[in-house]
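Coordinate inspection notes
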Amino acid sequence: MTDDPLDFGDPADLEQLRREFRAWLAANPLPERLPDEPAAVFLHRWHRQLHAGGWVGLDVPELYGGRGLTALHQVAVSDELGACRAPGVPRIGYLAHALLEFGSEEQRLRLLPRMLSGDDVWCQGFSEPGAGSDLAGMSTYAERHDGHYTVRGQKLWTSYAQYSDYCLLLARTNRAAPAHASISAFVLPLDREGVTVRPLRAANGDDEFCELFLDDVRIEEDERIGAEGDGWPLAMTTVNYERNALDTGHLSKYGLLLERLRQVLQDRRDDLPDGLASAVGRCVADYQVLVAHARRRTAERLAGQGAGPESSVDKLLMTRTEQRLYETALKVLPEELFREGGEVFGEYLYSRAASVYGGTSQIQRNIIAKRLLRLPSAG
Ligand SMILES: Cc1cc2nc3c(=O)[nH]c(=O)nc-3n(C[C@H](O)[C@H](O)[C@H](O)COP(=O)(O)OP(=O)(O)OC[C@H]3O[C@@H](n4cnc5c(N)ncnc54)[C@H](O)[C@@H]3O)c2cc1C
């Protein structure tokens, strides 16, 4: 019933790659998280382990430290990771795409291999206190001088900035131009004078979020990515990859949870509380729609299409599937799994953030209305 998420109609070499990766995973399992070890530190160890095995950046050209394979190879590896409930490598996919598409050759050669290996950890400095959904309204400003910029402003929600070496930073570089043409992107080394990182602790106990204060930070001209004003298309490329349903490993993770819910229904079939079977049924329907959609998107990727605004559909379908699944799991699985320290405590809480990170669900609907359905704006 739950349709095998691992079947994307893989060509034969992908089957071979999946077998090799499963064998590698069996020999190199996810390490234990040490007591009190922050999530970012643990994920970084895992990142290094995956990279040592050759499993990071499969679709990045070899010249830049990847394996020069296709997006589908990367999808297959992420899918296998999700199937064994192992996390992927955070933020690499979409930040690497931004550098690949907008960076200079010198930047790609210098930055990408170290990003992929985990020698340098990156974070994403887009959102601000007054500019999340309305990203184009950002007020961080980079004032141009002869050969360098001085940057002043504040970023918010900058995930794991305190563990990062570099930030992919957006700042306005022109006060006169229209918002979407006045933003530029920069590589900001976080040890630069004038940078202050202040971590915030979230409800799940993780110290993911940070505030990033930029007080007259000097950024060299050759640390700008792309031309002045390229920041908006770079940001859209980044978030479109961030929102995609394919190489996140989510599909197989959802499939596992659904299987678990189905098993509980089977075990309790003679004593089912009202509404439970239909709640699980809705989860099955959501999941199957998502898998069918992901298969179509896989075919598009193979045909050479980038992520694009259709990623907003991916994001909405993933959010709906994930949130309904965990809401239903809360009714079906033993309560202690959802208490602090319980097996699904962190996953359940994080599912609530799915309708916010990478752009809220309302914003995804706006994008679908404008960019895919070409509906006129209200008002
Ligand atoms: C787990 C997590 C990790 C994150 N990591 C990062 C990161 O690493 N780097 C980074 O830069 N950002 C990050 N973010 C920030 C994220 O991108 C923003 O939270 C998101 O874009 C929403 O912005 P906001 O929080 O300012 O909410 P707001 O934009 O203030 O929105 C508030 C509410 O108003 C609604 N709304 C706003 N505008 C409209 C509109 N035009 N139409 C309809 N409804 C609207 C929104 O949907 C929302 O419900 C992260 C967020 C989360 C939850």
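This one's a predicted model, so the numbers in the text were calculated from it and none came from an experiment.

1. What about the overall build of the protein?
- Counting its regular elements, the protein contains eleven helices and eight strands.
- Its C-alpha atoms give the protein a radius of gyration of 21 Å, near enough to 21 Å, the size a compact globule of 379 residues would have.
- For the C-alpha atoms alone, the extent of the protein along its principal axes is close to 75 × 50 × 45 Å.
- Expressed as a percentage of its 379 residues, the buried residues of the protein come to 50%.
- Roughly 17,400 Å² of accessible area belongs to the protein as shown, and the carbon and sulfur atoms make up 51% of that amount.
- Counting 43 positive and 56 negative side-chain charges, the protein places the averaged centre of each group 4 Å from the other.

2. Digging into the site of the ligand
- Close to the ligand lie 17 residues; Gln124, Ser127, Ser133, Trp157 and Thr360 are nearest.
- Within the backbone of Phe126, a nitrogen or oxygen atom sits 3.0 Å from an oxygen atom of the ligand.
- One nitrogen or oxygen atom from the side chain of Thr360 is found 2.6 Å from an oxygen atom belonging to the ligand.
- Relative to its unbound accessible area of 970 Å², the ligand is 67% covered by the protein chains.
- Per-element tally for the shell around the ligand: the top contributor is helix H11 (residues 361–372), with three residues.
- Residues that form the shell around the ligand fall into these classes: seven nonpolar, nine polar and one charged.
- For the shell around the ligand, the two domains that each supply at least three residues are domain 2 (122–229) and domain 3 (243–372).

3. Focus on the UniProt feature "domain: Acyl-CoA oxidase/dehydrogenase middle" (unreviewed entry) in the protein
- UniProt tags residues 123–217 as "domain: Acyl-CoA oxidase/dehydrogenase middle" (unreviewed entry).
- With 0% helix and 44% strand, the stretch residues 123–217 has end C-alpha atoms that lie 17 Å from each other.

4. Focus: the pairing of strand S2 (residues 141–144)
- Sheet topology places S2 next to strand S3 (residues 148–155); four bridges connect them, and they run antiparallel. Each residue of the ladder has a partner; that of Ala142, found in S3, is Val151.
- Between S2 and the antiparallel strand that follows it, S3, lie three residues; Gly147 among them carries a positive phi value of about 85 degrees.

5. Focus: the domain arrangement of the protein
- Domain parsing of the protein yields domain 1 (12–90), domain 2 (122–229) and domain 3 (243–372).
- Between domain 1 and domain 3, the C-alpha centre-to-centre distance is 22 Å.
- Contacts between the two partners involve nine residues from domain 1, matched on the other side by 14 residues from domain 3.
- Where domain 1 abuts domain 3, roughly 940 Å² becomes buried across the two surfaces, and 61% of that area is made up of carbon and sulfur atoms.
- Among the residues domain 1 hides against domain 3, the three largest losses belong to Leu72, Val75 and Arg85. Together they make up 50% of the total.
- The interface formed by domain 1 and domain 3 includes two salt bridges.

6. Let's talk about a nonpolar patch on the surface
- Nonpolar side chains collect at one region of the surface, where Leu372, Leu373 and Leu375 lie side by side and expose about 270 Å² of accessible area between them.
- For Leu372, the position within the fold is in helix H11.
- A residue is classified by how much of its surface remains accessible, and Leu372, at 33% relative accessible area, is partly exposed.

7. A short note on the environment of Gly93
- By secondary structure assignment, the location of Gly93 is in helix H4 (residues 92–102).
- Residue Gly93 is classed as partly exposed on the basis of its relative accessible area of 38%.

8. With respect to the environment of Ala299
- Within the secondary structure layout, Ala299 lies in helix H8 (residues 276–302).
- Spatially, the C-alpha atom of Ala299 lies 35 Å from that of Glu343, the residues being 44 residues apart in sequence.

9. Structural notes on the packing of aromatic side chains
- Counted under the stated rule, the structure contains ten aromatic pairs.
- Aromatic pair Tyr350 and Tyr357: ring centres 5.6 Å apart, planes at 35 degrees, arrangement tilted.
- The exposure class assigned to Tyr350 is partly exposed, which follows from its relative accessible area of 30%.
- What links up through ring pairs into an aromatic cluster is the set Phe21, Trp24, Trp46 and Trp55.
- Cation over ring: Arg67 sits above Trp55, and NZ or CZ is 5.0 Å from the ring centre.

10. Structural notes on the nonpolar core
- In this structure, Trp122 and Leu170 are the most contacted members of the largest nonpolar core, which totals 77 residues.
- Ignoring anything within four residues of it in the chain, the contact list for Leu170 reads Gly125, Phe126, Leu135, Met138, Thr140, Lys155, Ile183, Ser184, Ala185, Gly231, Leu234 and Ala235.

11. Details of the side chain of Ser311
- With respect to the helices, strands and loops of the structure, Ser311 is situated in helix H9 (residues 311–332).
- Look at Ser311 and you get buried, because its relative accessible area is 0%.
- Reaching out from Ser311, the side chain makes a polar contact with the backbone oxygen of Asn240 at a distance of 2.9 Å.
- Among residues more than four places away in sequence, those in contact with Ser311 are Asn240, Arg243, Asn244 and Arg297.

12. Some words on the pattern of salt bridges
- Under the definition given, this model contains 28 salt bridges.
- The partner of Arg324 in a salt bridge is Asp286, with the nearest N and O atoms 3.0 Å apart. Of the two residues, Arg324 sits in helix H9 while Asp286 sits in helix H8, which places them 38 residues apart along the sequence.
- Owing to a relative accessible area of 28%, Arg324 belongs among the partly exposed residues under this scheme.
- Looking at Asp286, the relative accessible area reads 4%, which means it is buried.
- Three or more residues are tied together by salt bridges with common partners; here these are Arg296, Arg297, Glu300, Glu310 and Asp314.

Conventions we followed
Residues numbered from 1 in each chain as written. Predicted model: local features only at pLDDT ≥ 70, side-chain atom pairs only at ≥ 80, totals over all residues. Heavy atoms only, no water. Helix = DSSP H or I, 4+ residues; strand = E, 2+ residues; numbered from the N terminus. Rg over C-alpha atoms; globule rule 2.2 N^0.38 Å. Buried < 20%, exposed > 50% of the residue type's maximum accessible area, 1.4 Å probe, protein only. Areas by Shrake-Rupley, 256 points an atom, 1.4 Å probe, with all protein chains shown as cover. Lys, Arg positive; Asp, Glu negative; His and termini not counted. Charge placed at Lys NZ, Arg CZ, Asp CG, Glu CD. Near = heavy atom within 4 Å. Polar contact = N/O pair within 3.5 Å; in protein donor to acceptor, adjacent residues only side chain to side chain. Nonpolar A, V, L, I, M, F, W, Y, C, P; charged D, E, K, R; others polar. Domains from an automatic or database assignment. UniProt positions renumbered as here; feature names shortened; annotations may be inferred. Pairing = 2+ DSSP bridges. Contact = heavy atoms within 4.5 Å. Buried area = accessible area lost by both parts, 1.4 Å probe. Salt bridge = Lys/Arg side-chain N within 4 Å of Asp/Glu carboxyl O. Patch = residues over 30% accessible without salt bridge, like charges linked within 9 Å, V, L, I, M, F, W, Y side chains within 5 Å. Phe/Tyr/Trp six-rings, centres within 6.5 Å; stacked < 30°, edge-to-face > 60°. Lys NZ or Arg CZ within 6 Å of the ring centre and 35° of its normal. Core = buried A, V, L, I, M, F, W, Y, C linked by side-chain atoms within 4.5 Å.

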